[in-house]
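Each chain is listed here by its residues.
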Amino acid sequence: MKKILILLIVFVSCTTDVSVLEPVKEVPESLFIQQPVGLKLESYIVEDKVRINTKLPKDGEYRIKILDFTNTIISQEVIIGKEGDNILNIYVNSLPTSSYTVELYSKNNIFVGRQNFSMK
Amino acid sequence: MRKLLLVLLPFICLSQDLKLDHSYTNSPDFQVGDTITIKFNTIQVTENVNPNLYVFDYEYNNKLLQKIEHRWKVTDNESNTNAQVSLNHWDGYSFDPISDYEDKNLSDQYSYGWVGRSESYPTSNDWSVERITIQDGVGITYNNTLIEVDFKIKDKINTDYSDYSNITNLNWMRAEDNSTSTLYDVEAMQEKITLSDVEGGDAGSVTINLKTNNDKPTHYKYDILQSGSSVADGYFDANSQAIVSGLENDVEYTIDIKVDDELAADWLDDVATVTDVFLVFKEAIGAGSSPGGTTNTFTHSIQFLLGEVNNSGNVDFDDSYVLLSHIMNENISEWFTSSTNGSKNVWGEKNQYGYSTNDYYFGQKKVFTPTDDLKVFDFGHGLIGDVDFSHSFEPIVTETPKAQTVAGYAEDLDLDISTSLVDGKVEMIVNIEKEDLAGMQFIIQYDKSILEFEEVKFDTGNLLTNFVSERENKIYFGSISVENSENIKVGEPYKIIFNPKQNITNTAGLVYFKTTDAVTDQGKKIILKIK
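First, a word on what this report is: a plain description of the structure on this page. Please read these numbers as outputs of a predicted model, since none were measured by experiment. (Residues numbered from 1 in each chain as written. Chains lettered and ligands numbered in written order. Predicted model: local features only at pLDDT ≥ 70, side-chain atom pairs only at ≥ 80, totals over all residues. Heavy atoms only, no water.)

1. Describing the pairing of strand β2 (residues 35–44) of chain B
All names here are of chain B.
Okay, step 1: With respect to burial, β2 is a largely interior element, 7 of its 10 residues being buried.
Okay, step 2: Here 7 bridges tie strand β1 (residues 18–24) to β2, and the two strands are oriented antiparallel to one another. Within β2, the position partnered with Y24 by the bridge is I38. (Buried < 20%, exposed > 50% of the residue type's maximum accessible area, 1.4 Å probe, protein only. Helix = DSSP H or I, 4+ residues; strand = E, 2+ residues; numbered from the N terminus. Pairing = 2+ DSSP bridges.)

Okay, here's the thing in C-alpha cells:
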C-alpha cells in the first residue's frame with residue numbers, strides 16, 4: 001500500500017512539474033560567459049527569436065523577466081535550471097516592436113543577470 | 001605621493017576610449033518650418049579600441065522639433081555593410097541622468113544611470129526618446145556617420161519655451177566589444193544641440209490640445225468647420241497636439257474629434273472592460289437612471305453618457321448586460337465603442353466637458369474662437385462604454401462638494417503571472433492574493449506561429465461568471481461576480497494552456513501580457529502590476 005502511495009505521489013508530482021532544462025555540453029563562443037554566473041544574448045538586435053545563455057550558480061527555479069521601456073514586466077517565465085550554462089530562447093514575435101530588458105532572478109528574487117535587446 | 005595622486009586624478013576621471021557626437025548638417029540660418037538634419041558619429045580617442053556593439057539613447061524636444069524620418073548611414077561605409085541596425089521610439093519620456101556622474105559621461109550614465117534604475121525615464125510630455133542599436137561582426141568604424149535624423153522646426157509661439165536651446169540631448173551609450181564583453185568608456189562630444197536665431201513663425205497658428213487617458217494620440221483626427229464646411233483637418237501628433245494654421249481671429253469654429261477606427265483596430269476592444277461592466281452594474285443596482293440618487297456609483301455626470309450603451313436613454317441592467325456580452329465576445333448593441341462598432345466619440349472644451357448646461361449636453365462644447373490673446377484650446381475626449389475613463393479624459397472636478405475622481409479611487413496590486421513548459425505544454429498561471437476582487441480581465445497576446453491555444457482552466461468560485469474568447473492572436477479571459485455575492489478565489493484562479501506546434505526549449509516571450517484590469521466588490525478600480 002505504501003509503495004502504491006509513493007508511486008502515486010511521484011506520478012502526480014511528475015505530471016505537474018515544470019520541465020527541467022537539458023544540461024549543455026558545449027557552449028557556443030557567441031554565448032560564452034567568463035564570469036561564474038550571468039546572462040548573455042547571442043544578438044542584441046532580434047528578429048523572431050534569440051538564443052540566450054543563463055549561467056546559473058546552482059540547480060533550481062529561476063525567473064526570466066522581460067520588461068518594456070517603462071520597466072513594466074510584459075512577459076515572465078519560470079524555469080528549472082541546472083548549475084552552469086543553460087541555453088534558452090527568447091521568442092519575440094508576440095511582442096510589439098520595441099527595445100526590451102531581460103532580467104534573470106533566482107526563486108528568492110536574487111538578481112543573476114540583465115541584458116537588453118532591440119527588435120528589428 | 002598625495003601630489004602624484006592629485007596630478008593623476010583628473011586623467012583617471014577623464015579616461016575615455018571614444019566620443020559620441022551629434023550635430024546638424026545644415027547652414028545655421030533656420031526658420032520655423034525648416035528641415036534640419038542631425039547626424040550621429042563616434043570619434044576614436046584610444047588606439048586599438050574597436051567596439052562592435054553600440055547602443056545609445058538620445059532625446060529631442062517634441063514641442064520644438066517634429067521628427068520626419070531617419071536614414072541609416074553606418075552600412076554605407078565599406079567596413080560595416082553587414083551591420084545590423086535598430087531604432088526604437090518612445091514619446092513622453094525624458095532621461096534623468098544620475099547625479100553622481102557627469103551628464104556627458106555617457107558610459108557611466110548607461111551603467112549607473114540607466115541599467116536597473118527604474119526612475120531613469122520619468123514621464124515628460126515635451127520629450128521623445130530614440131534608442132539606436134548597431135551591431136556588427138567587426139569593429140564599427142569611427143568618424144563616419146552612423147545615422148541621420150530629419151526634423152521639422154516647430155513654432156515655439158504656443159509653447160512654454162522662449163528659445164531653441166538644448167533641443168536634443170545624448171542620454172547614455174553602451175559601446176562594447178561583444179566578443180570579449182569589454183565595455184568602453186564613452187564621453188559626449190556635443191551633448192546638446194541649440195538652434196540660435198530661429199526666425200519666422202506664424203503668429204496666427206492655433207494649437208489644439210487633445211486631452212485623453214489613451215496613450216495613442218496619433219490615432220485621433222480632427223476636422224475644423226466654419227458654418228458647416230471643413231477648413232482644416234488632420235491628425236494629432238505624438239504630443240497630443242495639432243498645430244492649425246489658416247484660421248481667422250474672432251471667428252467661431254466647430255471642431256470634430258474622432259478616433260480613426262482603422263488605426264485603432266488593435267485597441268478598440270480594450271476600451272470597455274470588466275471594470276466598466278461592474279461600475280455600470282453597480283450603478284444600475286444603486287441609482288437606476290438618475291444621477292441624483294444617494295447611492296450613486298458614478299462620480300461624474302458624464303459616466304451616464306459613457307455608460308448608456310444601448311441607446312435607451314437610461315443606464316440600467318440592460319447596459320451592464322451589453323457590456324458583459326462584449327467582454328464575452330458577443331456584440332449585441334451598436335451604440336458603444338468596440339472593434340465591431342467602431343469608436344463612439346464624445347468631446348468638449350476641457351473646462352466644460354462633462355458638465356451639462358442648456359447649451360452643451362454633458363458639456364460637449366465643440367466650438368472655439370481664436371483671438372489675438374487666445375490661440376491654445378484644450379478639448380477633452382471620451383469613448384462610449386468607457387465609464388472608468390481608461391481611454392477617456394476624466395472631467396475636471398469643479399463641483400461642490402468635490403467629487404471623488406475615478407483615478408483617485410484606483411489602488412495598486414502586485415500580481416504574479418508566469419509561463420512555464422509543463423509536460424510538453426505551455427502553461428500560464430495567474431496567482432492572486434487579494435480577497436475582495438469582484439472582476440478581473442486579462443488580454444494576452446501569443447505567438448501563433450509556435451503556440452496553439454487549448455483552454456483556460458478556471459478555479460474562481462462557484463457563483464462567478466467566467467469568460468474566455470480567442471480573437472486572432474489574442475486571448476480575452478476573466479471573471480465577474482454579476483450578483484456581487486462572491487469574490488474571485490485567491491490562489492491560482494486561472495491557468496491558460498497552449499500546445500506548442502514545434503519543439504521548444506522554454507517559453508520566454510511566447511506570451512505577452514497586454515492588458516490587465518480588475519475591480520473590487522466596492523467598485524474600486526485596481527491597477528495590476530506584474531511582479
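2. Description of the environment of N82(B)
Okay, step 1: Note on placement: N82(B) falls in the loop between β4 (65–72) and β5 (84–93).
Okay, step 2: For the pair N82(B) and Y60(B), spaced 22 residues apart in sequence, the C-alpha separation works out to 29 Å.

3. Description of the sheet that holds β2(B)
All names here are of chain B.
Okay, step 1: Overall, mixed pairing links the 5 strands, which are arranged β4-β7-β2-β1-β10 in an open sheet. Because the sheet does not close on itself, it has two edges, and the strands there are β4 and β10 (186–188). Ignoring strand direction, the axes of neighbouring strands in this sheet form an average angle of 25°.
Okay, step 2: Both β1 and β10 contribute to a ladder of 3 bridges, which runs parallel. Directly across from L18, in β10, lies its bridge partner V186. (Axes fitted to C-alpha atoms, helices over the stretch in contact; angles between N-to-C directions.)

4. Considering the interface of chain A and chain B
Okay, step 1: Listed per partner, the contact involves 42 residues of chain A and 50 residues of chain B.
Okay, step 2: Between chain A and chain B lies a buried interface of about 3800 Å² when both sides are counted; carbon and sulfur atoms form 48% of it.
Okay, step 3: Between D416(B) and R63(A) there is a salt bridge, with its nearest N and O atoms 2.9 Å apart.
Okay, step 4: Summed over the shared surface of chain A and chain B, the number is 30 residue pairs in polar contact (both at pLDDT 80 or more).
Okay, step 5: Breaking the side of chain A that touches chain B down by element, the ones donating at least two residues are α1 (2–16), β4 (60–67), β5 (73–81), β6 (84–91), β7 (99–106) and β8 (111–119) of chain A.
Okay, step 6: Per-element tally for the side of chain A that touches chain B: the top contributor is β5(A), with 6 residues.
Okay, step 7: Grouping the amino acids of the side of chain A that touches chain B by side-chain chemistry returns 17 nonpolar, 18 polar and 7 charged. (Contact = heavy atoms within 4.5 Å. Buried area = accessible area lost by both parts, 1.4 Å probe. Salt bridge = Lys/Arg side-chain N within 4 Å of Asp/Glu carboxyl O. Polar contact = N/O pair within 3.5 Å; in protein donor to acceptor, adjacent residues only side chain to side chain. Nonpolar A, V, L, I, M, F, W, Y, C, P; charged D, E, K, R; others polar.)

Keep in mind that these numbers describe shape and distance, not what the molecule does.
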